[in-house]
Amino acid sequence: MARMVWNGLIPTAVLRAGALSAMLVLLAGSLPVRGGEEEPAPPEGQTYTGVKRCASCHFEQYMSWKKTKHAQAFDVLTPKYQKDEKCLKCHTTGLGEPTGYKDGETALAGVTCENCHGPGSKHEEVSQPFAKVKKLTPEQEKLVRDSIWKILPKNVCIECHTVQGHKKSETPPEMRPKS
């Protein structure tokens, strides 16, 4: 068995494991650390807001996301699997959380901003007074940044992308791409 060498939060064996590696390397550069310090936790008690609320301020990022497979993650499911919790845990946002995805809630269908950044209600609340400000002061920037995770402090990608590292897929055979 190969020795597992760790690169931050991601084992280097996983980094070499195919197409996912490029994304993981990019995310490794975005780990929740600033200037050698751990990123402060956002305020507790946040609720999910949905991707359209994020888009109201982060429109360019939203338009970029819309072109990704993450945006279509729910849509690729057939109606049979759009009700299956084993599928919905990876194809929706916040499933099982009090304010997360519920049957038919389109704002949280798919892999949205809040999958990586966590619920955004407090971020939206804290950022609102700065909506028309063109350039935030360092203090304002810190206040806004500290209201949401840059990226959740766990390996959120691997929670769904397990095939690369473990060669196991929970995708039903009839939903797998034809080779």
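Residues numbered from 1 in each chain as written. Predicted model: local features only at pLDDT ≥ 70, side-chain atom pairs only at ≥ 80, totals over all residues. Heavy atoms only, no water.

**Focus: the overall build of the protein chain**
To keep things clear, this is the line we draw: Only runs of H or I of at least four residues qualify as helices and only runs of E of at least two qualify as strands under DSSP, and these elements are numbered from the N terminus.
Summing up its helical and strand segments, the protein chain has 10 helices and 4 strands in all. When the elements of the protein chain are put in sequence order from the N terminus, they spell out β-β-α-α-β-β-α-α-α-α-α-α-α-α.

**Structural notes on the nonpolar core**
Under the convention used in this document: In plain words, nonpolar cores are sets of buried Ala, Val, Leu, Ile, Met, Phe, Trp, Tyr and Cys residues tied together by side-chain atoms within 4.5 Å. Relative accessibility thresholds used throughout: buried, under 20% of the residue-type maximum; exposed, over 50%; partly exposed, between the two (1.4 Å probe, protein chains only). The contact definition used throughout considers only heavy atoms, calling two residues in contact when any of these lie within 4.5 Å.
Listed in full, the 9 residues of the largest apolar core are Y48, F74, L77, Y81, C87, L88, Y101, L108 and A109. Filtering out sequence-adjacent residues up to four positions away, Y101 remains in contact with F74, Q82, L88, T92, T93, G94, L95, L108 and A109. Listed in part, the 5 residues of the second largest apolar core include A55, Y62, W65 and A71.

**Notes on the pattern of salt bridges**
So the rule is basically this: The working definition used for a salt bridge is a side-chain nitrogen of Lys or Arg within 4 Å of a carboxyl oxygen of Asp or Glu.
Applying the stated criterion across every chain yields a total of 4 salt bridges. As a salt-bridge pair, K142 and D146 come within 2.5 Å of each other at their nearest N and O atoms. Put simply, E159 and K154 hold a salt bridge, and the shortest N to O gap is 3.5 Å. Overall, the relative accessible area of 43% leaves K154 in the partly exposed class.

**Let's talk about the side chain of Q46**
Test applied: For this analysis, a polar contact is any N or O atom pair within 3.5 Å, provided that within protein one partner can donate a hydrogen and the other can accept it, and provided that sequence-adjacent residues contribute only side-chain to side-chain pairs.
Take Q46: it is sitting in the loop between strand 4 (37–38) and helix 3 (51–55). Taking the relative accessible area as the measure of exposure, Q46 reaches 15% and is therefore buried. Among the polar contacts made by the side chain of Q46, one reaches the main-chain amide nitrogen of K122 at a distance of 2.7 Å. A polar contact of 2.9 Å, which involves the side chain of Q46, links it to the backbone oxygen of S147. In contact with Q46, not counting residues within four places along its chain, are P119, G120, S121, K122, H123 and S147.

**Some thoughts on the confidence of the model for the protein chain**
In plain terms, the rule: pLDDT expresses how confident the predictor is about each individual residue, on a scale running from 0 to 100.
Chain-level pLDDT for the protein chain is 79 on average; 75% of the residues reach the 70-or-more range. Predicted confidence is poor over residues 1–34, with pLDDT under 50, and the contacts of this stretch with residues over four places away or in other chains come to 47 contacts.

**Considerations on the side chain of H123**
Here H123 lies in helix 7 (residues 121–127). Every residue in contact with H123, bar those within four places of it in the chain, is listed here: Q46, H58, V144, S147 and I148.

**Some words on the environment of H70**
Mapped onto the fold, H70 is located in the loop between helix 4 (59–66) and helix 5 (85–91). Residue classification places H70 among the partly exposed positions, given a relative accessible area of 31%. Here the alpha-carbon distance between H70 and T112, two residues 42 residues apart in the chain, equals 7.1 Å.

**With respect to the state of the cysteines**
To keep it simple, the criterion reads: Cysteine sulfur atoms that pair up within 2.5 Å are treated as a disulfide.
Scanning the model with the defined rule gives 1 disulfide in all. Between the sulfur atoms of C90 and its disulfide partner C160 the distance amounts to 2.4 Å. Its torsion about the S-S bond being -100°, the disulfide of C90 and C160 is classed as left-handed. Of this pair, C90 sits in helix 5 while C160 sits in helix 9 (residues 156–160), placing them 70 residues apart in sequence. In this structure C160 comes out as partly exposed when scored by relative accessible area, which is 33%. We note that C57 lacks a disulfide partner, and the nearest cysteine sulfur, in C54, lies 9.0 Å from it. Classification of C57 as exposed rests on a relative accessible area of 54%. For C157, which is in no disulfide, the shortest distance to another cysteine sulfur is to C116 and amounts to 5.8 Å.

**Regarding the environment of E39**
By secondary structure assignment, the location of E39 is in the loop between strand 4 and helix 3. According to the relative accessible area criterion, E39 is buried, its value standing at 4%. The spatial distance from the C-alpha of E39 to the C-alpha of R145 is 9.4 Å, given a sequence separation of 106 residues.

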